[in-house]
Amino acid sequence: MTTVRPIYTAVTRSLLFLMLILSALFVIVYFVYVSVEQYNQMQLKKEKERLAVQEQLRQRLDGTIDYINLVRRDNVNRLNDLLKERVYEAYNIASVIYNESKGKMPDESIKRLIKESFRNLRFFNGRGYFFIADLSGKEILYPVSPDKEGLNLYNLTDPKGNYPVQDEISVIKNYGEGFVTNYWPKPYSKDDKLFPKTSFVKEFKPFGWFIGTGEYLDNIELDVQRTVLNNKIGRA
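Residue numbers run consecutively from 1 along every chain, following the written order of its sequence. Predicted model: local features are reported for residues with pLDDT of at least 70 only, side-chain atom pairs are reported and counted for 80 or more only, and whole-chain, interface and lining totals are derived from all residues. Each side-chain value is derived from all of the structure's non-hydrogen atoms; neither hydrogens nor water enter the calculation.

K.L.:
Can you help me understand helix α3 (residues 164-175) in this one?
P.N.:
Since there are 3.6 residues in each turn of an α-helix, residues three or four apart along the chain are aligned in direction. Given a rise of 1.5 Å per residue, twelve residues ought to cover 16 Å, and the 16 Å separating the end C-alpha atoms of α3 matches this to within 8%. Residues of α3 that are buried include every one of Pro164, Val165, Glu168, Ile169, Val171 and Ile172, and no others. Take α3 and look down its axis: the buried residues cluster within an arc of 160°, on one side only. Of the residues in α3, the exposed ones pointing more than 90 degrees away from the buried face are Lys173 and Asn174. Against the buried residues of α3 lie β1 (131-134), β2 (139-141), β3 (177-185), β4 (194-204) and β5 (209-216). Per the convention used, a helix needs a DSSP run of H or I reaching at least four residues, while a strand needs a run of E reaching at least two, with both numbered from the N terminus. A helix's residues, less one, multiplied by 1.5 Å, set its expected span. Per-residue accessibility, obtained with a 1.4 Å probe over protein chains only, is compared with the maximum for each type, and a residue is labelled buried under 20%, exposed over 50%, and partly exposed between these values. For this quantity, the arc is that covered by the directions from the helix axis to the C-beta atoms. Contact between two residues is taken to exist if any of their heavy atoms lie within 4.5 Å; hydrogens are not considered.

See the structure below:
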């Protein structure tokens with residue numbers, strides 16, 4: 001019996017020590033599990049927050065793009081309206097001159113009077129002017145390059161191979177008026193970069209002419225940038 005008790009006591013101590021070790025390991029495993037789970041939850045939360053931020057940015061970007069496109073369409077429509085208004089004003093002036101002068105002076109004098117009435121008119125901050133051509137393609141009035149007046153520019157091409165005068169004549173013959181877009185370098189530009197330019201033309205039947213004016217769409221893009229920038233500054 002004396003020998004058994006020490007052995008029992010040693011076994012008991014060993015078992016208690018093993019239980020303590022196992023308990024410690026359990027605690028350690030539990031804390032590791034909890035830590036890993038918390039880390040995973042934290043990472044999941046961060047990922048959700050990151051995705052939420054990305055979605056907010058995407059919505060803001062989509063909103064900004066939509067706004068820019070809306071402003072751009074508005075400015076293009078405004079330009080088209082302005083082009084049309086200017087040409088209608090010129091058409092009305094030409095009609096008044098013709099009706100007031102018809103039968104009182106020769107047609108050639110009336111033509112010259114109409115031409116010279118428009119020659120020095122400028123608008124669009126000095127960029128805009130009126131041009132007149134006939135349905136054969138002969139330039140009647142071209143104030144920014146008077147040396148071309150009297151020349152037939154029916155086969156004139158822009159740098160992209162379009163035929164602007166032919167396009168204008170086609171619009172006049174089919175619709176009596178309308179818009180044409182061609183591509184040109186800007187006047188006084190230091191390089192040969194091409195810009196789209198929209199023109200509006202309207203038939204003037206008494207002399208078989210059409211009257212028109214145009215503007216570079218690039219100027220509208222600058223208006224878009226200024227409008228968006230001013231809008232952003234106003235919201236800040």
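Let us keep going from here.
K.L.:
How should I be thinking about the pairing of β1 in this particular structure?
P.N.:
Where a strand is regular, its side chains alternate between the two sheet faces. Burial along β1 is two-sided: Phe131 and Ala133 and Ile132 and Asp134, pointing in opposite directions, are all buried. Any two strands with at least two DSSP bridges between them are considered paired. When β1 meets β5, the two strands line up antiparallel, connected through four bridges. Each residue of the ladder has a partner; that of phenylalanine 131, found in β5, is glycine 212. Both β1 and β2 contribute to a ladder of two bridges, which runs antiparallel. Of the residues in β2, the one forming a bridge with alanine 133 is glutamate 139. Remark: four residues form the turn of the hairpin made by β1 and β2, two consecutive strands paired antiparallel; glycine 137 in that turn has positive phi of roughly 105°.

K.L.:
Would you explain the nonpolar core in this entry?
P.N.:
As a rule of thumb, nonpolar side chains are buried together in soluble globular proteins. Side-chain atoms within 4.5 Å are what join buried Ala, Val, Leu, Ile, Met, Phe, Trp, Tyr and Cys residues into a set we call a nonpolar core. Residues Ile114, Phe118, Ile132, Phe204, Phe207, Trp209 and Ile211 are the most contacted members of the largest nonpolar core, which totals 22 residues. Contributing elements (two or more residues each) for this core: α1 (4-101), α2 (107-119), β2, β4 and β5. Ranked by the residues each element gives to this core, the list is headed by α1, at seven residues. Those residues in contact with phenylalanine 207 that sit more than four places away from it in its chain are Tyr98, Asp107, Ile110, Lys111 and Ile114.

K.L.:
Help me understand the environment of threonine 213, please; the structure alone is not making it clear to me.
P.N.:
Within the secondary structure, threonine 213 sits in strand β5. In this structure, the C-alpha to C-alpha distance between threonine 213 and serine 199, residues 14 residues apart in sequence, is 5.5 Å. Once residues within four sequence positions are removed from consideration, threonine 213 is found in contact with Leu83, Arg86, Val87, Phe123, Tyr129, Phe130, Phe131, Thr198, Ser199 and Phe200.

K.L.:
I tried to follow the pattern of salt bridges on my own but got confused; where do I start?
P.N.:
Any two side chains of opposite charge can pair, so long as their charged atoms come close to each other. Any carboxyl oxygen of Asp or Glu that lies within 4 Å of a side-chain nitrogen of Lys or Arg is treated as forming a salt bridge with it. Under the counting rule described, the total for this entry stands at eight salt bridges. For glutamate 177, the salt bridge is made with lysine 84, and the minimal N-O distance between the two is 3.8 Å. Residue glutamate 177 is found in strand β3, and its partner lysine 84 is found in helix α1; the two are separated by 93 residues along the sequence. Note on lysine 84: relative accessible area 34%, which makes it partly exposed. The salt bridge involving arginine 86 is made with glutamate 85; its shortest N-O contact spans 3.9 Å. The exposure class of arginine 86 is buried, given its relative accessible area of 17%. One network of salt bridges, with partners in common, ties together Lys84, Glu177 and Lys202.

K.L.:
What's the story with α2 in this structure? I'm lost.
P.N.:
Along its 13 residues, α2 runs 18 Å from first to last C-alpha, staying within 8% of the 18 Å computed at 1.5 Å per residue. Buried residues of α2: Ile110, Ile114, Phe118 and Arg119, and no others.

K.L.:
Sorry, what's going on with the sheet that holds β5 here?
P.N.:
Across a sheet, paired strands are connected by hydrogen bonds in the backbone, their directions being either parallel or antiparallel. Strand order in this open sheet of five strands is β2-β1-β5-β4-β3, and the pairing throughout is antiparallel. With one partner strand each, in any of the chains shown, β2 and β3 form the two edges of the open sheet. Within this sheet the neighbouring strands show an average axis-to-axis angle of 35°, counted without direction. In this fold α2 packs onto β1, β2, β4 and β5, with an angle of close to 65° to the strand it touches most, β2. In the packing of α3 onto the sheet, the strands contacted are β1, β2, β3, β4 and β5, and the crossing angle to β3 comes to about 170°. Lines are fitted to the C-alpha atoms to define the axes, a helix being fitted only along its stretch in contact, and any angle between axes, read from their N-to-C directions, falls within 0 to 180 degrees.

Any functional reading would require information beyond the geometric quantities listed.
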